[in-house]
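Residue strings, one per chain:
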Amino acid sequence: MRRPTEEAPWLRWVLCLAAVGVAVLFLVLPLAAVFAEAFRRGWEPAVRALADPDALAAVRLTLLVAAVAVPVNLVGGVAAAWAIAKFDFPGRRLLMVLIELPFSVSPVISGLVYVLVFGAQGWLGPWLEERGVQVIFALPGIVLATIFVTFPFVARTLIPLMQDQGRTEEEAAATLGADGWRMFRHVTLPNIRWALLSGVLLCNARAMGEFGAVSVVSGHVRGETNTMPLHVEILYNEYQFVAAFAVAGLLALLALVTLGAKAVLERAG
Amino acid sequence: MIEVQGLHLRYGGVAALDGVNLALRAGEFVALLGASGSGKTTLLRSLAGLEFPDAGQVLIEGRDMAAVPARERGVGFVFQNYALFRHMTVFENIAFGLRIKPRRLRPGRAEIVRRVEELLALVRLPGMGGRHPDQLSGGQRQRVALARALAIEPRVLLLDEPFGALDAKVRKELRHWLRGLHDRLGLTSLFVTHDQDEALELADRVAVMRDGRVVQFDTPEALLAAPADAGVAGFLGDAVPIDCVVRDGQAWFEGLPPVAVAGVAEGKAVAFLRPVDLLVEPGAGEARVAAARQDGRGVRLTVETAGMLLEATPAPGWMPRRGEPCRVTALAARVFPA
Amino acid sequence: MRRRAALPGLGLALGVTWLWLGLIVLVPLSALVLRPWELGLAGVWASVTEPRVVAALGLSFGAALGAALVDLPLGLLIAWVVVRYRFPGRRVLDAAIDLPFALPTAVAGLALTALYAPNGWLGAPLAAMGVTVAFTPLGVAVALAFVGLPFVVRMVEPVLRDLGPEAEEAAAVLGATRWQAWRRVVLPALGPALVSGVALAFARAVGEYGSVIFIAGNRPMESEIAPLLIVARLEQYDYAGAAALGLAMLLLSFVFLVVFGLMQRRLRRGVV
C-alpha cells in the first residue's frame, strides 16, 4: 500500500528517467560535445592551441578584466545590500529594481550603451580622443562592459539573505559597544560569508565568460583586446575547430568548477 | 536613574510614542505592561539608542542621551528573540562586548576568560562556553543573552519580552531567578511584557502603556486596588466589563442587584467585575448555573443572567449543578463613566 | 524626511551604491534612451520598421517565446523530480540544472552547433528524419531553450518544496485521485512561479547573443536575430540606428513582461 501522495512506482520511474533524459540531452550532451571536439585529434593539438601566444594573451586579458570587474561589483554590491537590507529609506524599492536592471538588458545592448557614450561618435568619444584616451576597442571599454553585465550578482545574492537575517544582531552589537566597522566585520560579514563567496563566484564566472557585451566594445584585436570567449569565436570562424573547442573547453571547465564550488557552498551555508 | 520626559515618536504618520513620561529610581525593577502596539518596545528601544524620538528627553543617570549613540550608552539590552550572534560560540557571544572595547579599556585575554567563566556560572551555564546558539534550548539562549548583556557591566538592564518565547514552566522558573539576579547585582531594570501575571508578580512598579502613553505607573497592589481608568481595569485581572447606570450612589445592572459605588458621576457607566466580586448562592433567582467544574483551585462557576455569561464564586459548601437556579450578589465593582 | 537609524553606515553605503549604479548603469543607459532621436521621430520609426529589422525582431521574440514555452514542461518535470523523488544521481542532476547559467554563452553556442550540425551527434539522426536544426530558426529556438531552462526550474523548485505534501494529503482524504490532486491542488499553487520562470527565461532569451549566433546561420530575413542587427549597425557606425533598435527591443520586452506580470497576478488571485 503506497501513501496517497506518492505516484505509482512505474510512474515515478518514468518521470525520473524523463527528467534525467532531458538533462542529458539538453545539458550534459553539449558539455560532452565541447570536450569531444577539443580532443578529436588527441591531447596534443588541444594543448598546443592553449599554449599559443594569442591564446595566452586572451587568458591574461580575461583574468585582468575579471580582477577589476569583480572587486568593483563586490564593493558596490555589499554597499547596496547593506543599505537596502538594513535600512528603510525613500527610494529603496526603486534602487532594488535599478540594480536588477542590467540582467534584463541584452548583452549586446550592454556593450552598445558604452559605445554610445565613449565611441568615436559617442558623447565623450571625440573629447577623450583628443586627449589620447581610448575606451572603446580597448581595455577600459571591455572592463566597463563586463562590470555592467555582472553588476547585480553580488547584490542579489546578499539582499534576500540579509533581509532575512534582520538587523537585531547588529543592534545587539551596537548596545554592546561596537562601532560600525566592528559591527560589520564581526557580526554581519561572518553571517553572509558563504553567500558572498557564492555571489563572487557567479560574478567571476560571468565576467570571464561574457561574450556579447565584450564583443561589441572589443574591436577583436588578436593578442590585445581578445578575451577568451572572443578568441574562441575567432578560431571558430577561421575553421580552427580543435583550437576553438580547446579554449572553449577551458572555459567550460571554469563553469564546472564554479558550479561545484557553488554546490559545496550551498551545503556549507 | 532613568528619566523619560515627553517622548514622541511617529512612524509614518502613526504615533508610536505620544508623550511618554516615566522615572525609574535606582535599583528598581519595573515592568512595561501593555497590549501589542502600545509602544512599550519602542520606548525600550529609545532608551537603548535603537530608536530616535522626534521630541522629548531621555536621561540616564542624569545625562541627556540625545547625542549618545547606542554603543556609548552602556546599557544592557536583552532582545526579544535574544539576537545571539549565530556564528559565534556561547563564549564568544558573551566575550564580544569585552573584546571590542578600545585597546586601553580592553581587559587582557586571561581576564576576559575569567569574566566569561564567571558570567557563565552566574547564569548557571558552566562549561557551556563551547556550544553554538543553535545547540541550546530556549531558556539557555535567554540566559546567554542575559550574560552577554551583563558582560559590559551595565547599571541599567533593558529586557524586551524576556520570557516571551519560552514555554510556561521555564518561564516561571526564570522569572524568579531573574528577579534574584537583579537584586543581587544592584541593577536598575526595565522589562517589557504583555503578560500581566508576570508584571504584577515580579515588578516593584508597573507602567501600563496604551496608545503610546503611560496611562498608569504604580505598584502592583495600587494598580489592582485603584486602576486609573476603564482601560487599565479591563487589562488587569479577569474582570469583564458590564454596562450599568450610576444613580443615587449605586450602580444599577440588568440581571444583577445594584452595587454601591462612590465618586462616580451619575449616568451611563461601565463596571468591571472579577470572579471574586460575584458571590452566587443557590435558590430561586434570575440567574442559572451555566457551567460548573471542579479543578485544582476550587470550583469554577459560570452563571448566566440577563443574557450574560459571568464567571463567579460559589457560596462556600455548595456544589452547583448545571441548570440550577441561583442568586448573584455583587460584592464590589470598579465603575468608570462610559 | 530620513529617520535617524541605529545602525551606522547608511550614508556611506548609499553614496557608494548610487555612484556605482550611476556611473556603470544609469548614465550609459540614458544614452540608449536619448540617442535614437537624432534620427527624428520619423527616422526612428523607419529604422525599426525596415523589413529586415521586423523579421529579426519577429524571430528574436517569437523564438524566445517558443523556447520559454518549451522550457515550461521540461522545467516543471525536472523541478518535480528533483524535489519529490530520491534516486541515485539526484544531486548531480540538481547541480547540472545551473549549467546554462554558468557556461559562457559562446561555449554553449559552439557546443550546440557541434551537436546539431548535420554531422553532429544529434544533428545526424535528426537529418535522417528530415529535420534540420542548425542554421535555421529552429536552431535559434533550441539555443534559447537551453539558456532559459534553469530559470523555470529554479523558480518552481522552492515553491514546490514549500508546498509540502499536506495539501495533497488533504485532497486525497477528500477523495481526489492522484491526478485530480495534482491537477487541482499542485498545479494552481505552482502557477505564479511557472509564469515568472517563463517570463525570466523569455527575458533572457530575447537578448541572447553568444549562444545563438553560432547555430543560427545568420541569414537575413530568415535566421538573423535582432541583437546581431545591432552589432551590424554599430559596425557601420550607425550609432543612432543601433540605439533605436536597442531601445525598441527594450520597450518590446517591457510590454511582454507587463503581460506576464498581469497573468501572474490573475493566477495568484485564483490561488489565494
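Residues numbered from 1 in each chain as written. Chains lettered and ligands numbered in written order. Predicted model: local features only at pLDDT ≥ 70, side-chain atom pairs only at ≥ 80, totals over all residues.

**Here's the deal with the overall build of chain B**
Logical step 1: Helix and strand counts for chain B stand at nine helices and 19 strands.
Logical step 2: In terms of overall dimensions, chain B has C-alpha extents of about 80 × 45 × 35 Å along its principal axes.
Logical step 3: Across the 338 residues that make up chain B, the buried fraction comes to 40%.
Logical step 4: Of the contacts made within chain B by residues no fewer than 6 positions apart, 65% connect residues no fewer than 24 positions apart. (Helix = DSSP H or I, 4+ residues; strand = E, 2+ residues; numbered from the N terminus. Buried ≥ 20, exposed ≤ 12 C-beta atoms within 10 Å, placed from the backbone. Contact = placed C-beta atoms within 7 Å.)

**Here we look at the overall build of chain C**
Logical step 1: The helix and strand inventory of chain C stands at 13 helices and zero strands.
Logical step 2: Going residue by residue from the N terminus, the α and β elements of chain C occur as α-α-α-α-α-α-α-α-α-α-α-α-α.
Logical step 3: Taken along the three principal axes of its C-alpha coordinates, chain C extends 70 × 65 × 30 Å.
Logical step 4: Among the 272 residues that make up chain C, the fraction classed as buried is 50%.
Logical step 5: For chain C, contacts bridging at least 24 residues in sequence account for 77% of all contacts bridging at least 6.

**A closer look at the UniProt feature "domain: ABC transporter" (unreviewed entry) in chain B**
Logical step 1: What UniProt calls "domain: ABC transporter" (unreviewed entry) maps, in this numbering, to residues 2-236 of chain B.
Logical step 2: As annotated, residues 2-236 of chain B has a helix share of 37% and a strand share of 26%, and its two end C-alpha atoms lie 26 Å apart. (UniProt positions renumbered as here; feature names shortened; annotations may be inferred.)

**Some words on the interface of chain A and chain B**
Logical step 1: With 15 residues of chain A at the contact, the number on the chain B side is 18 residues.
Logical step 2: Secondary-structure elements contributing two or more residues to the side of chain A that touches chain B are helix H9 (168-175) and helix H10 (180-209) of chain A.
Logical step 3: In terms of residue class, the side of chain A that touches chain B is made up of six nonpolar, five polar and four charged. (Nonpolar A, V, L, I, M, F, W, Y, C, P; charged D, E, K, R; others polar.)

**Here we look at the sheet that holds strand S6 (residues 76-78) of chain B**
Residue and element names in this part refer to chain B.
Logical step 1: Here six strands make up an open sheet; going across it, the order is S6-S7-S8-S3-S9-S10 and the pairing mixed. This sheet does not close on itself; its edge strands, each paired only once, are S6 and strand S10 (213-218). Strand-to-strand twist across the sheet, computed as the mean angle between neighbouring axes with direction ignored, equals 15°.
Logical step 2: Sheet topology note: the strand S3 (residues 29-33)/strand S9 (residues 205-210) ladder contains four bridges and is parallel. (Pairing = 2+ DSSP bridges. Axes fitted to C-alpha atoms, helices over the stretch in contact; angles between N-to-C directions.)

**Things to note about the UniProt feature "transmembrane region" (unreviewed entry) in chain C**
Residue and element names in this part refer to chain C.
Logical step 1: When the UniProt feature table is mapped onto this chain numbering, "transmembrane region" (unreviewed entry) sits at residues 12-34, 54-83, 95-117, 129-153, 185-203 and 239-263.
Logical step 2: Secondary structure within residues 95-117 divides into 78% helix and 0% strand; the distance between the first and last C-alpha atoms comes to 27 Å.
Logical step 3: For residues 239-263, the helix share is 100%, the strand share is 0%, and the end-to-end C-alpha distance is 36 Å.

**Observations concerning the interface of chain C and chain A**
Logical step 1: The interface is formed by 70 residues belonging to chain C together with 76 residues belonging to chain A.
Logical step 2: When residues in the side of chain C that touches chain A are grouped by element, the largest group, 14 residues, is from helix H1 (residues 10-34) of chain C.
Logical step 3: A class-by-class count of the residues in the side of chain C that touches chain A yields 57 nonpolar, seven polar and six charged.

**Thoughts on H9 of chain A**
Logical step 1: In terms of residue burial, H9 of chain A counts as a mostly covered element, since seven of its eight residues are buried.
Logical step 2: Contacts made by the buried residues of H9 of chain A are with helix H3 (53-86), helix H8 (153-165) and H10 of chain A together with helix H1 (40-48), helix H2 (70-73) and S6 of chain B.
Logical step 3: Immediately downstream of H9 of chain A, the backbone of Gly 177 of chain A shows phi near 105°, a positive value.

**A word on the UniProt feature "domain: ABC transmembrane type-1" (unreviewed entry) in chain C**
Logical step 1: Cross-referencing UniProt, the feature "domain: ABC transmembrane type-1" (unreviewed entry) maps to residues 57-260 of chain C in the present numbering.
Logical step 2: Secondary structure across residues 57-260 of chain C comprises 79% helix and 0% strand; the distance between its end C-alpha atoms is 19 Å.

**A short note on the sheet that holds strand S19 (residues 334-337) of chain B**
Residue and element names in this part refer to chain B.
Logical step 1: Sheet architecture is open: five strands sit in the order S13-S12-S11-S14-S19, paired in antiparallel fashion. Either end of the sheet is taken by a strand with one partner, and the two such strands are strand S13 (259-260) and S19.
Logical step 2: As paired strands, strand S11 (residues 240-247) and strand S12 (residues 250-252) are joined by three bridges and run antiparallel to one another. Looking at the pairing, Val 245 lines up with Trp 252 of S12.

**As for the pairing of strand S16 (residues 298-305) of chain B**
All names here are of chain B.
Logical step 1: Here seven bridges tie strand S15 (residues 278-295) to S16, and the two strands are oriented antiparallel to one another. Note that in S16 the partner of Arg 288 across the bridge is Glu 304.
Logical step 2: The hairpin formed by S15 and S16 contains two residues between the paired strands.
Logical step 3: Bridge count for S16 against strand S17 (residues 308-314) is five bridges, and the pairing is antiparallel. In the strand pairing of S17, Val 303 is matched with Leu 310.
Logical step 4: The turn joining S16 and S17, which pair antiparallel and follow one another in sequence, is formed by two residues; a positive phi near 50° is taken by Ala 306.

**Comments concerning the packing of H9 of chain A against H10 of chain A**
Residues and elements named next belong to chain A.
Logical step 1: Interhelical geometry of H9 versus H10 gives an angle of 140° and a closest axis separation of 10 Å. What the angle tells us is that H9 and H10 run oblique. Judged by the sense of rotation from one axis to the other, the crossing of H9 with H10 is right-handed. On the side of H9, the interface is formed by Glu 169, Glu 170, Ala 173 and Ala 174, while H10 contributes Met 183, Val 187 and Thr 188.
Logical step 2: Across the contact of H9 with H10, the residue classes tally to four nonpolar, one polar and two charged. (Parallel < 35°, antiparallel > 145°, perpendicular 65-115°, else oblique. Left-handed = near helix turned anticlockwise from the far one by under 90°.)

**A closer look at the pairing of strand S8 (residues 188-193) of chain B**
All names here are of chain B.
Logical step 1: Of all six residues that make up S8, six are buried, and the element is covered over most of its length.
Logical step 2: In S8, alternate side chains face the same way, and those of Thr 188, Leu 190 and Val 192 on one face and Ser 189, Phe 191 and Thr 193 on the other are all buried.
Logical step 3: Judged from the five bridges that link them, S3 and S8 form a sheet pairing that is parallel. Counted as the bridge partner of Val 30 is Leu 190 from S8.
Logical step 4: Note: strand S7 (residues 156-160) against S8, five bridges, orientation parallel. Its bridge partner being in S8, Asp 160 is matched across the sheet by Val 192.
Logical step 5: Read from S7 through helix H6 (residues 168-185) to S8, the crossover connection turns out right-handed. (Right-handed = clockwise from strand over helix to strand, strands pointing away.)

**So, the environment of Thr 329 of chain B**
All names here are of chain B.
Logical step 1: In this structure, Thr 329 sits in strand S18 (residues 325-330).
Logical step 2: With 17 residues separating them in the primary sequence, Thr 329 and Ala 312 have C-alpha atoms 9.7 Å apart.
Logical step 3: Not counting the four nearest positions on each side in its chain, Thr 329 is found in contact with Pro 257 and Leu 279.

**A closer look at the nonpolar core**
Logical step 1: Counting residues in each nonpolar core, the largest one holds 179 residues, and the members touching the most others are Leu 112 and Val 247 of chain A together with Val 107, Leu 110 and Leu 144 of chain C.
Logical step 2: Sort the elements by how many residues they give to this core and helix H3 (residues 51-84) of chain C lands first, with 17 residues.
Logical step 3: When we break this core down by domain, the ones giving at least three residues each are domain 1 (1-38) and domain 2 (42-268) of chain A.
Logical step 4: Setting aside residues up to four positions removed in sequence, Leu 112 of chain A forms contacts with Val 216 of chain A together with Leu 32, Ile 230, Leu 234, Ala 242, Ala 243 and Gly 246 of chain C.
Logical step 5: Formed by 101 residues, the second largest nonpolar core is a distinct cluster that contains Phe 77, Leu 187, Val 214 and Cys 326 of chain B. (Core = buried A, V, L, I, M, F, W, Y, C linked by C-beta atoms within 7 Å. Domains from an automatic or database assignment.)

**Observations concerning the packing of helix H1 (residues 9-38) of chain A against H3 of chain C**
Logical step 1: For the pair H1 of chain A and H3 of chain C, the least separation of the axes is 9 Å and the interaxial angle reads 120°. As the angle between them shows, H1 of chain A and H3 of chain C are arranged oblique. Taken as a pair, H1 of chain A and H3 of chain C cross one another with a handedness that is left-handed. Of the residues in H3 of chain C, those touching H1 of chain A at Leu 15, Cys 16, Ala 18, Ala 19, Val 22 and Ala 23 of chain A are Leu 74, Leu 77, Ile 78, Trp 80 and Val 81 of chain C.

**Regarding unusual backbone geometry**
For residues that are not glycine, phi is negative in most cases, and the peptide bond is trans in most cases.
Residue and element names in this part refer to chain B.
Logical step 1: With a phi close to 40°, Glu 161 is a non-glycine residue in the positive phi region.
Logical step 2: Looking at the secondary structure, you find Glu 161 in the loop between S7 and H6.
Logical step 3: With 22 C-beta atoms packed within 10 Å, Glu 161 lands in the buried category.
Logical step 4: Its identity as a non-glycine residue notwithstanding, Asp 211 has a phi of 50°, on the positive side.
Logical step 5: Relative to the helices and strands, Asp 211 resides in the loop between S9 and S10.

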